[in-house]
Amino acid sequence: MATTLQFRQALRVGPPGDIWHKPALSAVATLGVLNLTLLALGRLDLALYTSAGGLSALYGHGLPYRARARTLAGVLLGTVLSTAAALTAAALTRDAVVLVAVAAGLAALHKLGCDAARIGPPGSLIITFTSASCAFVPQRPADLPPHLALTALGAALAWLVGMAPALLRPYGPERIATARALEAAARLARSAPGTPDAAARTALVGAVDAARQSLALSSPARWRALGDAPERLLVHAESALAAPAGPAAESTTESAAESAAAAAERYTAWARDLRRGRPLPLFDLTEAEAAELRAHRPGPRPSLRQALRPGSALLPIGLRVAVGCAAAGWLSLAFGVGRPYWAVVTAASVFQANSTLSWHRALQRVLGNLIGLAVFTAVLPLAHSGQPAMIGLGLLCQFGAEATIARSYWLATVFVTPMALLMTEFAGLQPARTLVADRWLDTCVGALTGLAACLLVTNRRTATRLSRALAGAETATREARAAAAAAADAAVGSETAAVRSGLATALLELREAADAATGEWRRPALPHQRTADAEQHAHHLLAALLERRGARP
């Protein structure tokens, strides 16, 4: 049974994201140009097709521009293909039962593809929303080419808007990723000695790994502009892990605590310079650090084939999406709702990495929609004053959604709900009472059906994934212990760095697997103590290896 604490956790409002304005402004610019152009042409009824491609401007803002170009191209291609499948289905049949099945199948494919590719925010939901909406718009076969051309046009504009900041700050994403690692190092340095800091240490390991991946994906021209200054800063950020962990930290002296506070201030100042585009400092490194810097290569990310191999923990989630979305849409039809795709999209939004997170998302979705419906009712007179006002309100809601999504999903849904309802009125005004009633009913149906699918389609593979991650972490720990015993000088620094990099990767996978398995319903007993011990040993070894790496003769 849900507790008061769980309700508070689900509805907690966190701090804003550090780059929230980037997707917000990109989406507003893209959709604004598309919608105003259609308004000038007197064809605002075609906004659904251009928006299907234009909403792709929300993706890829954390990636270096070289990698962003490829990622956006993949997202745009997937969007156009999904829209083509939905429109083709709509042209071939008017049977709502069949169209619900098509929308549910596409939602499952979107979820699997985006999760396996680690596509990042906003994930599969945007593509599912646009394709499900298109599936229920009546089509003629002759309309398919022009409508798909509009989607491709919107996608092309989204790609240009997403890549445009490269003209001003060509290496901004790499700077931000490095700044995040330094900020994580500052948080760890400020943590009180003797307190449990495994979460802060894991967060720093993850931030350093993400920054190194970002630098590895950067353009080769980055070396001419920044040199190896970001890598040197990451070496210093990672050195914060060399501080004693757990009980060993209790013996920290007052002078050491003052030194840690000074280090935290240095990390924060460097991060601030990175974010503001200032010149980067260069630091002397020890021989071991320099050898590692020359030899270090980030580990490869799992391929799509590996992520979707038989036995993958993603496959049951894909099955949940297909079953839950189809059941939600069919149940909505049984209730006589005219827009069953809303229920499909609501069910698709519920499914997260585990059942507990899915329950949180369902609660957030219901609350956000309820408040959003009240907001829609309040702004309806202004929206009906003319199409320009309707477009302006839609863009304002889009900006509000992106400004709040990192803080809380339910808060963002307050803006998403009126935005979605306004989009339905671009093709013509709808009875407000019917719109509100259908949206609320579909929200409840989709959320409840999604939770029921989590209960019916179990995901015991999260426990299997945890077992594999635990075995991998223990193997990496043994290798690191052997390297720590064998490596005594800088000549083998690069080899030690490879072992330590493998240990860090195994540690991150173990924490991710443990979080996913712990939140799953109806799963086997988990080795919590063994997992905690493995994490503790890994952190101690990382600290020991990094302490020796930074030691100066």
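Given the structure is predicted, the values throughout are model-derived calculations rather than measurements. (Residues numbered from 1 in each chain as written. Predicted model: local features only at pLDDT ≥ 70, side-chain atom pairs only at ≥ 80, totals over all residues. Heavy atoms only, no water.)

Looking now at the overall build of the protein chain. Of regular secondary structure, the protein chain possesses 23 helices and zero strands. For the protein chain, whose C-alpha radius of gyration is 25 Å, the value lies close to the compact-globule estimate of 24 Å for 553 residues. With the C-alpha coordinates aligned to their principal axes, the bounding extent of the protein chain is approximately 75 × 50 × 40 Å. At a minimum sequence separation of 6, the contacts of the protein chain that also span at least 24 residues come to 83%. A total of about 24400 Å² of accessible surface is found on the protein chain, and carbon and sulfur atoms cover 64% of it. (Helix = DSSP H or I, 4+ residues; strand = E, 2+ residues; numbered from the N terminus. Rg over C-alpha atoms; globule rule 2.2 N^0.38 Å. Contact = heavy atoms within 4.5 Å. Areas by Shrake-Rupley, 256 points an atom, 1.4 Å probe, with all protein chains shown as cover.)

By size, the foremost hydrophobic cluster in this structure holds 65 residues, and its most contacted members are Tyr59 and Cys325. Top element by residues in this core is helix H5 (residues 96-116). It accounts for eight residues. Non-local contacts of Cys325, meaning those with residues more than four positions away in its chain, are made with Val100, Ala104, Ala107, Arg320, Val344, Ala347 and Ala348. Judged by nonpolar contacts, the second largest core, of 55 residues, contains Leu182, Ala186, Ala271 and Leu526. (Core = buried A, V, L, I, M, F, W, Y, C linked by side-chain atoms within 4.5 Å. Buried < 20%, exposed > 50% of the residue type's maximum accessible area, 1.4 Å probe, protein only.)

Next up on the list: the packing of helix H8 (residues 172-190) against helix H9 (residues 198-217). It is at 8 Å that the axes of H8 and H9 come closest, and there the two elements cross at 165°. The angle between the axes of H8 and H9 places the two elements in the roughly antiparallel class. Note on packing geometry: the crossing formed by H8 with H9 is left-handed. Contact residues: H8 offers Pro173, Glu174, Ala177, Thr178, Arg180, Ala181, Ala184, Ala185 and Leu188, while H9 offers Ala200, Arg201, Ala203, Leu204, Ala207, Val208, Ala211, Ser214 and Leu215. Broken down by class, the residue content of the contact of H8 with H9 amounts to 13 nonpolar, two polar and three charged. (Axes fitted to C-alpha atoms, helices over the stretch in contact; angles between N-to-C directions. Parallel < 35°, antiparallel > 145°, perpendicular 65-115°, else oblique. Left-handed = near helix turned anticlockwise from the far one by under 90°. Nonpolar A, V, L, I, M, F, W, Y, C, P; charged D, E, K, R; others polar.)

Another point: the packing of helix H6 (residues 125-135) against helix H16 (residues 341-350). Running from N to C, H6 and H16 cross one another at 165°; their axes reach a closest spacing of 9 Å. Put simply, H6 runs roughly antiparallel to H16. Read as a crossing pair, H6 and H16 show a hand that is right-handed. Every residue of H16 that contacts H6 at Leu125, Thr128, Phe129, Ala132 and Ser133 is listed here: Tyr341, Val345, Ala348 and Ser349.

So, about helix H18 (residues 387-404). Between the first and last C-alpha of H18 there are 26 Å, a value that for 18 residues agrees with the 26 Å anticipated at 1.5 Å per step. By the burial criterion, the buried members of H18 are Met390, Ile391, Leu393, Gly394, Leu395, Cys397, Gln398, Gly400, Ala401, Glu402, Ala403 and Thr404. Contact partners of the buried residues in H18: helix H2 (21-41), helix H17 (355-383) and helix H19 (409-424). (Expected span 1.5 Å × (residues − 1).)

Right, let's talk about a nonpolar patch on the surface for a bit. Judged by side-chain polarity, Leu370, Ile371, Val375 and Trp440 come together as a nonpolar surface patch covering roughly 300 Å² of accessible area. With three residues, the top contributor of residues to the nonpolar patch is H17. For Trp440, the position within the fold is in helix H20 (residues 432-456). (Patch = residues over 30% accessible without salt bridge, like charges linked within 9 Å, V, L, I, M, F, W, Y side chains within 5 Å. Salt bridge = Lys/Arg side-chain N within 4 Å of Asp/Glu carboxyl O.)

Of all residues in the protein chain, 91% attain a pLDDT of 70 or more, and the chain-wide mean is 87. Ranking the helices and strands of the protein chain by mean pLDDT puts helix H7 (residues 144-163) first, with 96, and helix H14 (residues 304-307) last, with 68. Within the model, pLDDT remains below 50 along residues 247-251, and this stretch shows five contacts once partners closer than five positions in the same chain are excluded. (pLDDT = per-residue confidence, 0-100.)

As a further point, take unusual backbone geometry. The peptide bond linking Pro121 to Pro122 adopts the cis configuration, its omega dihedral lying at 0°. One can find Pro122 in the loop between H5 and H6. For Arg118, which is not glycine, the phi torsion reads 50° and is therefore positive. Along the chain, Arg118 turns up in the loop between H5 and H6.

Now for H5. Note that an α-helix has 3.6 residues per turn; residues three or four places apart therefore point the same way. In this model H5 runs 30 Å from its N-terminal to its C-terminal C-alpha over 21 residues, within 8% of the 30 Å that 1.5 Å per residue would give. All of the buried residues in H5 are Leu99, Val100, Ala103, Ala104, Leu106, Ala107, Ala108, His110, Lys111, Leu112, Cys114 and Ala116. N-capping of H5 is provided by Asp95, with a side-chain oxygen placed 3.0 Å from the backbone N of Val97. Directly beyond the C-terminal end of H5, a positive phi value near 50° is found at Arg118. (Polar contact = N/O pair within 3.5 Å; in protein donor to acceptor, adjacent residues only side chain to side chain.)

Taken as a whole and judged by the stated rule, the model has four aromatic pairs. Where Phe136 meets Tyr341, the ring centres are 5.7 Å apart and the plane angle is 35°; that geometry is what we call tilted. With a gap of 205 residues between them, Phe136 in the loop between H6 and H7 and Tyr341 in helix H16 connect regions that are remote in the sequence. Taken as a pair, Phe136 and Tyr341 share a single burial class, namely buried. Taken together, Phe136, Tyr341 and Trp342 form an aromatic cluster joined through their ring pairs. Just above the ring of Tyr409 sits the side chain of Arg361; from NZ or CZ to the centre is 3.8 Å. A cation sits over an aromatic face here: Arg439 above Trp342, 5.2 Å from the ring centre. (Phe/Tyr/Trp six-rings, centres within 6.5 Å; stacked < 30°, edge-to-face > 60°. Lys NZ or Arg CZ within 6 Å of the ring centre and 35° of its normal.)

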